[in-house]
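One-letter residues, chain by chain:
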Amino acid sequence: MLKNIKGAIFDLDGTLVNSLIFWDILWEHFGERFLNLKGFRPTKEEDKNVRTMTLKEAMDYIYSIYGFGSGGEELLDITFEMIEKFYTETVEVKDGVIEFLEHCKKSGIKMCIASATDKRLVKVAAEHCGILKYFDKVFSCADIGKGKDKPDIFLKAMEYLGTTLEESCVFEDSLVAIDTAHKAGFKTVGIYDKYNYGQKEIEKIADVYIKDGETLGKLI
């Protein structure tokens with residue numbers, strides 16, 4: 001399936017790095033800070049929603065529901081500080097990722113990152129994990145102005161890579177993003193992550209699915 005691919009567009013969180021646990025850490029922090037409550041968790045739907053939003057959208061959304069702090073901006077400042085520390089000190093690259101990126105590089109495949117996360121934070125995480133050097137550019141939904149429920153970020157990344165839809169592949173762990181990329185005409189690789197939702201649906205939609213226990217190395 002990847003034989004004719006000339007451009008690869010990678011998500012970051014849950015696809016290249018093991019970072020989706022951060023949401024559990026953040027919910028816990030919000031609960032202790034604003035509710036004096038340990039083990040706080042939102043509803044499944046709320047947790048699912050924030051994972052496809054930009055951080056700003058997510059914090060505005062959380063404030064609209066729970067009224068934590070003085071507003072979305074305060075929550076954003078708290079989150080940004082926490083996630084920067086997490087990306088700088090804790091986050092780890094997923095198994096098989098470096099091996100696969102090396103393969104793509106040697107095969108002449110152009111690569112970029114397309115993430116809902118702030119561009120600066122993406123670079124911090126990728127640098128910490130030793131993978132930033134593989135990517136020509138980082139695209140963020142925050143800069144594009146639209147989330148991954150719209151294909152804009154993928155199309156912008158493809159334009160930068162200078163490839164066609166037939167030559168481009170999107171690597172994602174998010175059901176919303178995989179569905180968007182698929183409907184836009186991209187080839188897709190869905191990647192299992194235990195902290196994400198809709199794995200069965202992702203497996204049905206994606207051209208290739210990396211199952212639990214597998215890594216991107218299986219594509220080599």
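Scroll up to find the structure.
All residue numbers here refer to positions counted from 1 along the written sequence of the relevant chain. Reporting in this predicted model follows two pLDDT cut-offs: at least 70 for local features of residues, and 80 or more for side-chain atom pairs to be given and counted; totals over whole chains, interfaces and linings ignore these cut-offs and use all residues. Side-chain calculation: all heavy atoms of the structure are included, whereas hydrogens and water are not.

Draft legend 1. Summary view of the overall build of the protein. Here a strand is any run of E in DSSP of at least two residues, a helix any run of H or I of at least four, and the numbering for each starts at the N terminus. A count of helices and strands for the protein gives ten helices and eight strands. With C-alpha atoms as the basis for the radius of gyration, the globule rule is written as 2.2 Å multiplied by the number of residues raised to the power 0.38. The C-alpha atoms of the protein give a radius of gyration of 17 Å, which matches the 17 Å a tight globule of 220 residues would have. C-alpha atoms of the protein, sized along the principal axes, occupy 55 × 35 × 30 Å. Residue burial is assigned from relative accessible area. The probe radius is 1.4 Å, only protein chains are included, and a residue is buried under 20% of its type maximum, exposed over 50%, and partly exposed in between. Residues counted as buried form 47% of the 220 residues belonging to the protein. In the protein, the share of contacts with a sequence separation of at least 24, taken over all contacts with a separation of at least 6, comes to 65%. Charge-centre separation for the protein: the mean point of 30 positive side chains lies 4 Å from the mean point of 38 negative side chains. Any pair of residues with heavy atoms lying within 4.5 Å of one another is described as a contacting pair. Asp and Glu are treated as the negative residues and Lys and Arg as the positive ones, with His and the ends of the chain left uncounted. Charge placement uses NZ in Lys and CZ in Arg. For Asp and Glu, CG and CD serve respectively.

Draft legend 2. Spatial organisation of the sheet that holds strand 5 (residues 137–140). The parallel open sheet is built from six strands, whose spatial order is 5-4-1-6-7-8. Both edges of this open sheet fall to strand 5 and strand 8 (208–210), since each of them pairs with a single strand only. Going across the sheet, the axis of each strand differs from the next one's by a mean of 20 degrees, ignoring polarity. Only the stretch in contact is used when fitting a helix axis, every axis being a line fitted to C-alpha atoms; angles between N-to-C directions are given from 0 to 180 degrees. Packing against the sheet, helix 6 (residues 119–128) makes contact with strand 4 (110–115) and strand 5, and its axis sits at approximately 135 degrees to strand 5. Lying over the sheet, helix 9 (residues 175–184) contacts strand 6 (168–172) and strand 7 (187–191), oriented at roughly 165 degrees with respect to strand 7. When DSSP locates at least two bridges between a pair of strands, those strands are taken to pair.

Draft legend 3. Expanded view of the packing of aromatic side chains. Within 6.5 Å between ring centres, the rings of Phe, Tyr and Trp (the latter by its six-membered ring) count as paired, and their orientation is classed by plane angle as stacked under 30 degrees, edge-to-face over 60, tilted in between. Applying the stated criterion to the full structure yields 16 aromatic pairs. Centre to centre, the rings of F22 and F86 are 5.5 Å apart; their planes meet at 45 degrees, and the pair counts as tilted. Placement of the pair is F22 in helix 1 (residues 22–34) and F86 in helix 4 (residues 72–89), with a sequence separation of 64 residues. By the burial criterion, F22 is buried, and F86 matches it. Between Y66 and F68, the ring centres sit 5.2 Å apart and the planes meet at 15 degrees, which makes this aromatic pair stacked. Here the aromatic cluster, defined as three or more aromatic residues joined through ring pairs, consists of W23, W27, F30, F34, F40, Y66 and F68. We call a charge positioned above a ring when the Lys NZ or Arg CZ atom is no farther than 6 Å from the ring centre and deviates by at most 35 degrees from the ring normal. The aromatic ring of F139 is capped on one face by K137, whose charged end is 5.8 Å from the ring centroid. Over the face of the ring belonging to Y160 we find K137, whose NZ or CZ atom lies 5.7 Å from the ring centre.

Draft legend 4. Here's a closer look at the environment of K150. Turning to its location among the elements, K150 is positioned in the loop between helix 7 (141–144) and helix 8 (152–161). In this structure K150 comes out as partly exposed when scored by relative accessible area, which is 39%. Considering only alpha carbons, one finds K150 and A177, 27 residues apart in sequence, at a separation of 8.2 Å. Each polar contact in these results corresponds to two N or O atoms within 3.5 Å; when the atoms are within protein, one needs to be able to donate a hydrogen and the other to accept it, and residues that are neighboring in sequence are counted only if both atoms are side-chain atoms. Among the polar contacts made by the side chain of K150, one reaches the side chain of D149 at a distance of 3.5 Å.

Draft legend 5. Focus on the packing of helix 4 against helix 6. Following both chains from N to C, one finds helix 4 and helix 6 inclined at 20 degrees, their axes separated by 7 Å at the closest point. As far as their axial angle goes, helix 6 and helix 4 are roughly parallel. Residues F80, I83, E84, Y87, T88 and E89 of helix 4 lie in contact with helix 6, whose contacting residues are R120, L121, V124, A125 and H128. In terms of residue class, the contact of helix 4 with helix 6 is made up of six nonpolar, two polar and three charged. Roughly parallel means an angle under 35 degrees; roughly antiparallel, over 145; roughly perpendicular, 65 to 115; everything else is oblique. Charged residues are taken to be Asp, Glu, Lys and Arg, nonpolar residues to be Ala, Val, Leu, Ile, Met, Phe, Trp, Tyr, Cys and Pro, and polar residues to be all remaining types, Gly included.

Draft legend 6. Expanded view of the environment of I65. Assignment of secondary structure puts I65 in helix 3 (residues 55–66). A relative accessible area of 36% means that I65 is categorised as partly exposed. Distance in space between the C-alpha atoms of I65 and E46 is 9.1 Å, their sequence separation being 19 residues.

Draft legend 7. Seen up close, helix 6. Among the residues of helix 6, those classed as buried are L121, V122, A125 and A126. Buried residues along helix 6 cover an arc of 130 degrees about the axis, so they all sit on one side. Tucked inside the fold, the buried residues of helix 6 contact helix 3, helix 4, strand 4 and strand 5. A side-chain oxygen of the first residue of helix 6 lies 2.9 Å from the backbone nitrogen of R120; this N-cap is D118. Within two residues after helix 6, G130 carries a phi angle of roughly 75 degrees, on the positive side. Our arc is simply the arc of the directions from the helix axis toward the C-beta atoms.

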